[in-house]
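Okay, here's what each chain looks like letter by letter:
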Amino acid sequence: MIPSNKPVLSLGSGLRWLFIAGVMAFLYLPIVVLVVNSFNESKYGHKWQGFSFKWYEKLWHNDALLEAFFNSLTVATLSATCATILGTLMALAVYRYRFRFRQSASALIFVVLMSPDIVLAITFLIVFMALGIQLGFWSLLIAHITFCLPFVVITVYSQLKGFDGNLLEAAQDLGAKESQVFRLVILPLLRPAIAASWLLSFTLSLDDVIISSFVTGPGFEILPIRVFSMVKVGVSPEVNVLATLLMLISLVVVIIVPLLLRRKT
Amino acid sequence: MKPRFELFRSTIILITLFWLGLFVLAPHVMVLITSVLSPDPNNLAVWPLNLNSYVNLWDSLYLNVFLDSLYLSLLATGICLLLGYPFAFILSRFSPLLRSILLFMMVVPFWTNSLIRTYAIKLLMGKKGLFNDVLLGVGIIDEPLQILYTEFAVIFGLVYILFPFMVLPLISSFDKLDRSLLEAARDLGANGWHRFWRIIVPLTSPGIIAGCLIVFLPAMGMFYVADLLGGAKNILLGNLIKNQFLVVRDWPFGSALSVSLIVLMALLLWFYFKANQYIQRKGGLDDDTLK
Amino acid sequence: MCNVTESKAFETGVTETETTVTQPDTVIQLSGVTKRYQAQEILSGFNLAVHDGEFFTILGPSGCGKTTVLRLIAGFEPFDEGSLMVAGQDVTLVPAERRPVNTVFQSYALFPHLSVFDNVAFGLKMAKVPKSEIQSRVDEALAMVQLQEFAARKPEQLSGGQKQRVAIARAVVNRPRVLLLDESLSALDYKLRLQMQIELKQLQRKLGITFIYVTHDQEEALSMSDRVLVMQDGRAQQVGTPRQIYESPANLFVARFIGEINVFDGVVQRELGDFQYQVLLSGRYTREVRTDRKYQEGDAVHVMLRPEDLRITSLHGEQKRVGFSGQVLERNYTGQTLDSLIQLDDGQQLKASEFFDEDDPDFDYRINEAVWVDWVHGWEHVIPKQP
């Protein structure tokens, strides 16, 4: 037998995998509970009482819950898109231009990044009250866009910083106007960062509870707020179904859509 | 010709300043102003200016809530770091593809919304929940434990929700770790233990500090975790603020509570930059983790 | 050509006297340029005139401001003071995208998301050149740099030399008045660099475009250029042909920056007429020197000699003893030459470089060997002493 350190290595990597698996189990345990219970005949998620599509059917007739679900998806999609556009432009402004308050602008982006959600939530609430913006769809959208912004700015900015600065000068040198430099050089090169930013914003928006519970009104309910109001009286099992669907739909959006787009280009 | 050349540039600068001014700077200033106004049940906050809200902060009732949530957040942050550091370390040694897949998997649960996930944890922790079932089944305990509505439950929930936020900055600082430094250390005779404590930990410390900051402050505001898993007993600062705004309607006091959180944030950030400067001076690191 | 530029100059409102000051063959005219970064002055009162169609090189150590000059001409930096005329038109305030100059970047700066063809076509598309013309002009440019079959590739699939060629094609396809090259060859390895030097020179002759080339490599500067500007600390030290720069450096900096040189301090003792003087060197040796300007008795001067101009004689031979005595400190065999370091009796060290003599295969020195150092009268270069 040739002495080898392979067994030691595989023990080490076995332990590593065990740790990773343990953490993943920790993260997915609640998800499994939700998905399993969405097919559970029982109304109370404690015991398995047989497979059933009952709750899927019930959800189909639960207009209020369905509306909250679609509202959530709408806000997440819109705010991710707007935050990505706005954040990309901001990153560009901070990276490329020297202007008055540039330092202040990046400091403010940093403040949003570091502020706890609860603080952001009340700042939004107060400013919407002061501006007379009614709590509802628009207030929710503005709040979601704003708290997603720093993540977009940081992602895009760090990719911009990785650029060869001469690329932009080369484009200018070859006669490109500022908007052409942006459209023909910067934007195509930023595609990975933009895609990552959108995904991150979409995720953060869907996940948010704290800010949403301060800035939505009775006229526009999204899923977490609806569920929160149910907690005291008992959450209906249709919520399990919605959670399952939300994850599936997001997976489809995130995995299938880019594949389709790639085939086109 | 010149105005056209400047149009694109001016537009995006204007949008940037407008949005940040209106939805970040102005709101923060308004919170500060609201905190020195007087409460009013109808108009939320009215003149005259006074410091009553800040005096109220020192009431032992509120002080205890503050200390309690400080303690819970610190504990949750510590556990996140203990779990997240090895997790990020192991991930950083995987191939880029495997790492992206695992990071992606970490993000997927977010799409179900953290409140709904917290609710699922609540189901797990009930008297008839999975945790008690398993413990009873294995025979460790004879009758169901009271897990729900304990400090443990709240900390569990905080760690669960905030774990990914600890991992992300850690991963990025492990990414910046130059492999050849570890090889150099090995070449100079450092064993695994020394390499870990003398090279890896100091060089990833910006990520450690950033991760802790990003977990610690939000943890104090997670009112829904305390609501669902802590019952009425363990109130976080977030619950207090939420009650002031949405139930008691004492906006000035709620704002004063938020200002105290902002002051704490400023102190921690100041510490963060000082620590970074210290690390840079000591180790010549180039850190962009949060800049 | 001259008429066109002059009439354009009239259109932009330049007065007649100014047009006559601007010589017809001057394509780039920088006047009184000052450029600061924060508090530091990179250029101060800098002037430069580049002739139409020449290969002009700006040479200097890193940090001397040469790249700043290039970036000012390209339009990437605003002027703090001074003005820039390109082909008789004031373009000081014209943005980079509308200046009739193009740049070849040190890092090439090829757009990674575009093919070679689209990289080269970029400038033509910006200028809204018709599609059919774009096709033919890009083909022509790629043919010129022998890269036709690489048109569909992405930059990442090219070698360093090929990227360099694409960068050049991308710039010249726009038919700029002036091509700016920023240390363009420095990223290539030695052999490829020599080859590209020749290609660049040929290309420039063929196109007839003015090239302004920035480099810190003096060999490159001397071998490619029609004229060279030597810069230091944001100031022009000397402008001239490579030969003038090498053989008649204007000051000590230029002399020492371009190649190796030996410098003696001297004092003029007597005028011998016809620009010849008797000079006391290092306070102890008396020599006759030939100069290119008038000196007074008692003037302090530097007398400079290139290593290859020195003649070394071994003492053991029965030759006549002339020049300065010293001993060999170091000898280096380089293949073509024998380089030696000689210490004179007063301690001054000289560098000498001699070609091998085929009649004398044993030609060599021993370390510590006593020698005489001399040079052919008139090969020395004399300048007034500098502080």
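Residues numbered from 1 in each chain as written. Chains lettered and ligands numbered in written order. Predicted model: local features only at pLDDT ≥ 70, side-chain atom pairs only at ≥ 80, totals over all residues. Heavy atoms only, no water.

## A word on the overall build of chain B
The helix and strand tally for chain B stands at twelve helices and two strands. Secondary structure elements in chain B, listed N-terminal to C-terminal, are α-β-β-α-α-α-α-α-α-α-α-α-α-α. Dimensions of chain B, computed from the C-alpha atoms along their principal axes, are close to 80 × 70 × 35 Å. For chain B, with 291 residues in total, the buried portion stands at 51%. Considering only intrachain contacts with a sequence separation of at least 6, the fraction spanning at least 24 residues in chain B is 67%. In the structure as shown, chain B presents an accessible area of about 13,900 Å², 68% of it carried by carbon and sulfur atoms. Separation between the mean location of the 21 positive side-chain charges and that of the 17 negative ones in chain B comes to 7 Å. (Helix = DSSP H or I, 4+ residues; strand = E, 2+ residues; numbered from the N terminus. Buried < 20%, exposed > 50% of the residue type's maximum accessible area, 1.4 Å probe, protein only. Contact = heavy atoms within 4.5 Å. Areas by Shrake-Rupley, 256 points an atom, 1.4 Å probe, with all protein chains shown as cover. Lys, Arg positive; Asp, Glu negative; His and termini not counted. Charge placed at Lys NZ, Arg CZ, Asp CG, Glu CD.)

## Some words on the overall build of chain A
A tally of regular secondary structure across chain A gives eleven helices and zero strands. Since a compact globule built from 265 residues should have a radius of gyration of about 18 Å, the 23 Å found for chain A marks it as more spread out than a globular shape. Going through the 265 residues of chain A one by one, you find that 54% of them count as buried. Long-range contacts, defined as pairs at least 24 residues apart, comprise 74% of the intrachain contacts of chain A with a sequence gap of at least 6. When the accessible surface of chain A is split by element, carbon and sulfur atoms take 68% of a total near 12,000 Å². Between the averaged position of the 19 positive side-chain charges in chain A and that of its 13 negative side-chain charges there is a distance of 7 Å. (Rg over C-alpha atoms; globule rule 2.2 N^0.38 Å.)

## A closer look at the packing of helix α4 (residues 96–107) of chain B against helix α7 (residues 151–175) of chain B
Residue and element names in this part refer to chain B. With their axes 11 Å apart at the nearest point, α4 and α7 run at an angle of 160 degrees to one another. Relative to α7, the element α4 is oriented roughly antiparallel. Regarding α4 and α7, the two cross each other, and that crossing is left-handed. Counted together, R99, L103 and M106 of α4 and F163, P164, V167, L168, I171 and D175 of α7 form the full contact between these two elements. (Axes fitted to C-alpha atoms, helices over the stretch in contact; angles between N-to-C directions. Parallel < 35°, antiparallel > 145°, perpendicular 65-115°, else oblique. Left-handed = near helix turned anticlockwise from the far one by under 90°.)

## Some words on unusual backbone geometry
Residue and element names in this part refer to chain C. Its identity as a non-glycine residue notwithstanding, E183 has a phi of 45 degrees, on the positive side. Relative to the elements of secondary structure, E183 occurs in the loop between β7 (178–182) and α7 (190–207). Non-glycine residue N368 carries a positive phi angle of around 75 degrees. If you trace the backbone, N368 turns up in the loop between β18 (349–355) and β19 (370–375).

## Considering the sheet that holds strand β12 (residues 276–281) of chain C
Residues and elements named next belong to chain C. The five strands are arranged β13-β12-β11-β14-β20 in an open sheet whose pairing can be described as antiparallel. Since the sheet does not close on itself, it has two edges, and those belong to β13 (285–290) and β20 (381–384), each with one partner. On average, each strand axis in the sheet is tilted by 40 degrees relative to the strand beside it, whichever way the strands run. When strand β11 (residues 262–273) meets strand β14 (residues 300–305), the two strands line up antiparallel, connected through six bridges. Across the sheet, the residue bridging to V263 is M304, located in β14. (Pairing = 2+ DSSP bridges.)

## Comments concerning the confidence of the model for chain B
Parts of the model with low pLDDT should not have their predicted coordinates read in detail. In the predicted model, chain B carries a mean pLDDT of 83, and the fraction of residues at 70 or more is 91%. For residues 283–291 of chain B, every residue scores under 50 in pLDDT, and the model assigns this stretch 26 contacts once sequence neighbours within four places are set aside. (pLDDT = per-residue confidence, 0-100.)

## Topic: the interface of chain C and chain A
Across the contact, 20 residues belong to chain C and 18 residues belong to chain A. Between chain C and chain A, a total of about 1,700 Å² is buried, with carbon and sulfur atoms accounting for 61% of that surface. Of all residues in chain C, E97(C), H113(C) and M126(C) give up the largest surface area on contact with chain A, accounting jointly for 34% of the area buried on that side. Taking the shortest distance from any N to any O, the salt bridge between R71(C) and E169(A) comes out at 2.5 Å. Elements that contribute at least two residues to the side of chain C that touches chain A include exactly α3 (66–74), β6 (101–104) and α4 (116–126) of chain C. Residue classes in the side of chain C that touches chain A are distributed as eleven nonpolar, six polar and three charged. (Buried area = accessible area lost by both parts, 1.4 Å probe. Salt bridge = Lys/Arg side-chain N within 4 Å of Asp/Glu carboxyl O. Nonpolar A, V, L, I, M, F, W, Y, C, P; charged D, E, K, R; others polar.)

## So, the sheet that holds strand β8 (residues 210–215) of chain C
Two strands in a sheet stick together by hydrogen bonds in their backbones, pointing the same way (parallel) or opposite ways (antiparallel). Residues and elements named next belong to chain C. Read across the open sheet, the six strands follow the order β6-β7-β8-β3-β9-β10; overall the sheet is mixed. Each of the sheet's edge strands pairs with one partner strand only, and the pair in question is β6 and β10 (235–240). Ignoring strand direction, the axes of neighbouring strands in this sheet form an average angle of 20 degrees. Note: strand β3 (residues 55–59) against strand β9 (residues 227–232), four bridges, orientation parallel. Directly across from I58, in β9, lies its bridge partner L229. Against the sheet, helix α6 (residues 160–172) engages β6 and β7, with an angle of about 175 degrees to β6.

## Re the interface of chain A and chain B
If you look at the interface, chain A gives 85 residues, while chain B gives 81 residues. For the pair chain A and chain B, the summed buried area comes to about 8,000 Å², and 84% of that belongs to carbon and sulfur atoms. Remark: the boundary between chain A and chain B carries one salt bridge. For D207(A), the salt bridge goes to R117(B), with nearest N and O atoms at 2.7 Å. For the pair chain A and chain B, the number of links is eight residue pairs in polar contact (both at pLDDT 80 or more). Examining the composition of the side of chain A that touches chain B, we find that 15 residues originate from one element, helix α1 (residues 6–38) of chain A, more than from any other. In terms of residue class, the side of chain A that touches chain B is made up of 66 nonpolar, ten polar and nine charged. (Polar contact = N/O pair within 3.5 Å; in protein donor to acceptor, adjacent residues only side chain to side chain.)

## Some words on a nonpolar patch on the surface
Residues V32(A), V36(A), W48(A), F51(A) and F53(A) make up a contiguous nonpolar surface patch of roughly 520 Å² in combined accessible area. One can find V36(A) in helix α1. (Patch = residues over 30% accessible without salt bridge, like charges linked within 9 Å, V, L, I, M, F, W, Y side chains within 5 Å.)

## Considerations on the pattern of salt bridges
Applying the stated rule across the entire model yields 24 salt bridges over all chains. Two residues, E133(C) and R137(C), come together in a salt bridge whose shortest N-O distance is 3.0 Å. Of this pair, E133(C) and R137(C) are both found in helix α5 (residues 131–144), four residues apart, which corresponds to roughly one turn of the helix. When its relative accessible area of 29% is taken as the criterion, E133(C) is described as partly exposed. Beyond isolated ion pairs, a larger network of salt bridges with shared partners links E169(A), K35(C), R71(C) and E77(C).

## Quick word on the packing of aromatic side chains
On inspection of all chains with the given rule, the structure shows 45 aromatic pairs over all chains. Between F137(A) and W138(A), the ring centres sit 5.0 Å apart and the planes meet at 75 degrees, which makes this aromatic pair edge-to-face. Their ring planes at 25 degrees and their centres at 5.8 Å tell us that F76(C) and F105(C) sit as a pair that is stacked. Of this pair, F76(C) sits in the loop between α3 and β4 (81–86) while F105(C) sits in the loop between β6 and α4; the two residues are 29 residues apart in sequence, bridging distant segments of the chain. A residue is classified by how much of its surface remains accessible, and F76(C), at 13% relative accessible area, is buried. Since its relative accessible area comes to 4%, F105(C) is described here as buried. For R170(C), the ring lying beneath its charged end belongs to F111(C), and the centroid distance is 4.8 Å. (Phe/Tyr/Trp six-rings, centres within 6.5 Å; stacked < 30°, edge-to-face > 60°. Lys NZ or Arg CZ within 6 Å of the ring centre and 35° of its normal.)

## Quick word on the side chain of T203(A)
Structurally, T203(A) is set in helix α8 (residues 178–207). Those residues in contact with T203(A) that sit more than four places away from it in its chain are V107(B), F110(B) and W111(B).

## A look at the pairing of β19(C)
Residue and element names in this part refer to chain C. Burial analysis of β19 places five of its six residues in the buried class, which makes it a mostly covered element. With five bridges connecting them, strand β15 (residues 310–314) and β19 associate as antiparallel partners. When the bridges of β19 are listed, T313 appears paired with W372. Taken together, the four bridges between strand β16 (residues 324–333) and β19 define a ladder with antiparallel strand orientation. Bridged to S325 within β19 is W372.

## Some details on helix α5 (residues 117–131) of chain A
All names here are of chain A. Spanning 15 residues, α5 covers 21 Å between terminal C-alpha atoms, matching the ideal 21 Å at 1.5 Å per step. Of all 15 residues in α5, eleven are buried; the element is thus mostly enclosed. All of the buried residues along α5 are I118, V119, L120, A121, I122, T123, F124, L125, I126, V127 and F128. Just beyond α5, the residue with positive phi is G132, at close to 75 degrees. (Expected span 1.5 Å × (residues − 1).)

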